[in-house]
Amino acid sequence: FSDADKEELILSFGEKLSKAPSHQHGQVALKVLWSLFMCLDDNSRMKFHVYYFLVKVAGECHELSTVYKDMATVKQTFQKCPPTSDQMQKLYRLLHEVLLLNGRSDDAGRVMIELLGTYTTENANQAKEEAQRCIVASLADPNTFLLDHLLTLQPVKALEGSLIHQLLKIFVSEQLDSYMKFYEKNQAFVDGLGLKHEDNLGKMKLLSFMQMAENRSEIPLCELSQTLNIPDNEIEDFLIDVIKTRLVRAKISQGEGIVHVSSTMHRTFQTSDWNQLNNLLLGWKMNLSLVKEHLATIASTQVDLIHEKN
């Protein structure tokens, strides 16, 4: 058999097994594919094809965790014989589909970002629909708040000027009032995406508070209530929900009518932020060196005093 014949045989065999008519047959197909996968050498190009069908069958049998942990493990598996870009895109799409089917939406989102990251400026237009689905899923996810990394993906850049890209930029760096104005003008568009306006409001209020807290250690509760359009009797519950996300560390002082902010996650992290972090770490390094020198001096002095007494 030539390599081409072997590849055609593996593809035909995998295709047959992936069409198991029942759950019981699917379990048998899964065992057969797993045995074949383990028998193949790590340098074999056939191993990728078998793994693809393995993921498909495992996903449909709701046994995905037996063959998929995370993308880092998958990449390590094929390190000796890397698949082509087209093959990886095909696998990413399948993984995204079966991860959602198996209730692993967070992992599905990460895989989608990996998929979009495989596109370049030359072919980014091919993934516009997938980019939009990724944006919508990220906006709808109640546990996803930091979105600036999406703007760096080429298929997302290809959407510049569109309404979905404008909406993403609002969630990345703008305030609540910007979202309100956008929704007033484009209500049908937002609702058509399947996004819930009330959920969007809640996320934008949290993101706006994070931005307010970036450079302030104290914020009056009355200012928060006014800026975020939250009734006075609900502001405390809002802050408790914010603190639970661990994106902001703060304490509420009811007596003073102030929220004391100790730290907050930045909504965006740009070159200036990296430079600031670099300067901060260099400062810490210098201070630690001074402390080390002082301790060495003190230790040396103590030793000298001991010798003098003796």
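The structure we're discussing is the one just above.
Residues numbered from 1 in each chain as written. Predicted model: local features only at pLDDT ≥ 70, side-chain atom pairs only at ≥ 80, totals over all residues. Heavy atoms only, no water.

1. A look at the pairing of strand β2 (residues 248-253)
Pairing geometry for β2 and strand β3 (residues 258-264), over six bridges, is antiparallel. Across the sheet, residue R249 finds its bridge partner in β3, namely S263. Connecting β2 to the antiparallel partner β3 that follows it, the hairpin turn spans four residues, and G257 within it adopts a positive phi of roughly 70°. (Pairing = 2+ DSSP bridges. Helix = DSSP H or I, 4+ residues; strand = E, 2+ residues; numbered from the N terminus.)

2. What about the nonpolar core?
Among the nonpolar cores identified, the biggest contains 84 residues, and Y51, V55, Y68, L91, Y179, F209 and L224 are the most heavily contacted of them. Here the element with the most residues in this core is helix α3 (residues 46-60); it accounts for 10 residues. (Core = buried A, V, L, I, M, F, W, Y, C linked by side-chain atoms within 4.5 Å. Buried < 20%, exposed > 50% of the residue type's maximum accessible area, 1.4 Å probe, protein only.)

3. Notes on helix α2 (residues 23-39)
Here α2 is 17 residues long and its end C-alpha atoms lie 24 Å apart, about the 24 Å a rise of 1.5 Å per residue gives. Every buried residue of α2 is accounted for by G26, A29, L30, L33 and F37. The arc enclosing the buried residues of α2, seen along the axis, measures out at 110°, which places them on a common side. Exposed and facing more than 90 degrees away from the buried side of α2 are Q24, K31, M38 and C39. Tucked inside the fold, the buried residues of α2 contact α1 (3-17), α3 and α4 (71-77). (Expected span 1.5 Å × (residues − 1). Arc of directions from axis to C-beta. Contact = heavy atoms within 4.5 Å.)

4. Thoughts on the environment of F48
Structurally, the position occupied by F48 is in helix α3. For F48, a relative accessible area of 5% puts it in the buried group. In this structure, the C-alpha to C-alpha distance between F48 and D304, residues 256 residues apart in sequence, is 69 Å. Here F48 is in contact with F78, P83, Q87, M88 and L91, once residues within four sequence places are set aside.

The analysis is restricted to geometry; functional conclusions fall outside its scope.
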